[in-house]
Amino acid sequence: FDKVTERLWCVIDKTVREPTTAFVRAKAHMRHSRWTLAVLYVQRAITLQPSIIEYQLALAEIYARLKRYPQSLQLLDQAERLAPDTVQVQQLRDVITQLAQRAAPPETKPDPAGGL
């Protein structure tokens, strides 16, 4: 069996100067599970137009897929400040909180007998 390996550079196209273009490219990378490139393009979109909540939510989702739950929840805090009554923020927060809880290592309780 032949194995095909594809190597992608994690660099965004410097000619992307419109936030919508950056976001479209991010969504394309998300569809192909290229999360690192998607992060870079969404960050670019946010840099160019930080008031768009859809960009914040997309980046929070990508961070969650990368298991970077604290960063994801922090972005949701920012999104909530932008649009306090947005239902999607709370829904995404609930999902990410559940994922973070599942991913957390189980707490170890000390042995009351003091043994190993």
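Here the structure is a predicted model, which means the values were calculated and not measured.

Engineer: I tried to follow the packing of aromatic side chains on my own but got confused; where do I start?
Structural biologist: Aromatic ring pairs are defined here through the distance separating the ring centres and the angle between the ring planes. Per the counting criterion, the structure on display carries 1 aromatic pair. Arranged with centres 4.8 Å apart and planes meeting at 40 degrees, the rings of F23 and Y55 form a pair that is tilted. In this pair, F23 sits in helix α1 (residues 19-31) while Y55 sits in helix α3 (residues 53-65), placing the two residues 32 residues apart along the sequence. In terms of burial, F23 and Y55 fall into one category: buried.

Engineer: Help me understand unusual backbone geometry in this model?
Structural biologist: The phi torsion of most residues other than glycine is negative, and most of the peptide bonds are trans. The backbone of S33 shows a phi angle near 60 degrees, a positive value even though the residue is not glycine. As for its position among the elements, S33 is in the loop between α1 and α2 (35-48). A residue is classified by how much of its surface remains accessible, and S33, at 47% relative accessible area, is partly exposed. Positive phi values are uncommon outside glycine, yet K67 reaches one of about 65 degrees. When you line up the elements, K67 lands in the loop between α3 and α4 (69-82).

Engineer: How should I be thinking about the environment of V39 in this particular structure?
Structural biologist: Following the sequence through the fold, V39 ends up in helix α2. For V39, a relative accessible area of 8% corresponds to the buried category. Through-space distance from the C-alpha of V39 to that of A58 is 8.8 Å; in sequence the pair is 19 residues apart. Excluding residues within four positions of it along the chain, V39 makes contact with L59, I62, Y63 and L66.

Engineer: Even after reading the chapter, I still don't get the pattern of salt bridges, so can you show me in this structure?
Structural biologist: Opposite charge on two side chains permits them to pair, given that their charged atoms come into close proximity. By the definition in use, this model includes 4 salt bridges. A salt bridge links R65 to E61; the nearest nitrogen and oxygen atoms lie 3.2 Å apart. Of this pair, R65 and E61 both sit in helix α3, 4 residues apart, roughly one helical turn. The exposure class of R65 is partly exposed, given its relative accessible area of 48%. Salt bridges sharing partners connect three or more residues here, namely D77, E80 and R93.

Engineer: Hey, could you run me through the nonpolar core in this one?
Structural biologist: Note on soluble globular proteins: their nonpolar side chains tend to be buried together. Counting 28 residues, the largest nonpolar core has V42, L59, I62 and L76 as the members making the most contacts within it. Among the secondary structure elements, those contributing two or more residues to this core are α1, α2, α3, α4 and α5 (87-103). Sequence-distant contacts of L59, defined by excluding residues within four places in its chain, comprise V39, V42, Q43, I46 and L75.

Engineer: I keep staring at the side chain of H29 and nothing clicks. Help me out?
Structural biologist: Within the element layout of this structure, H29 appears in helix α1. Setting aside anything within four residues of it in sequence, one finds H29 in contact with R34, L37, A38 and Y41.

The rules behind these values
Position numbers for residues count from 1 along each chain, tracking the sequence in the order it is written. The model is predicted, so local features are restricted to residues of pLDDT at least 70 and side-chain atom pairs to those at 80 or more, both for listing and for counting; the totals for chains, interfaces and linings are taken over all residues. Note: side-chain values were computed over all heavy atoms of the structure, leaving out hydrogens and water. Stacked, edge-to-face and tilted labels apply to pairs of Phe, Tyr and Trp rings (six-membered ring for Trp) whose centres lie within 6.5 Å, assigned for plane angles under 30 degrees, over 60, and everything in between, in that order. Elements are defined by DSSP. Helices are runs of H or I of four residues or more, strands are runs of E of two residues or more, and each kind is numbered from the N terminus. Whether a residue is buried, partly exposed or exposed follows from its accessible area with a 1.4 Å probe, protein chains only, as a fraction of its type maximum: under 20%, in between, or over 50%, in that order. Between two residues, a contact is recorded if the distance between any of their heavy atoms is within 4.5 Å. Salt bridge, as used here, is a side-chain nitrogen of Lys or Arg placed within 4 Å of a carboxyl oxygen of Asp or Glu. Nonpolar core, defined: a set of buried Ala, Val, Leu, Ile, Met, Phe, Trp, Tyr and Cys residues in which side-chain atoms within 4.5 Å join the residues together.

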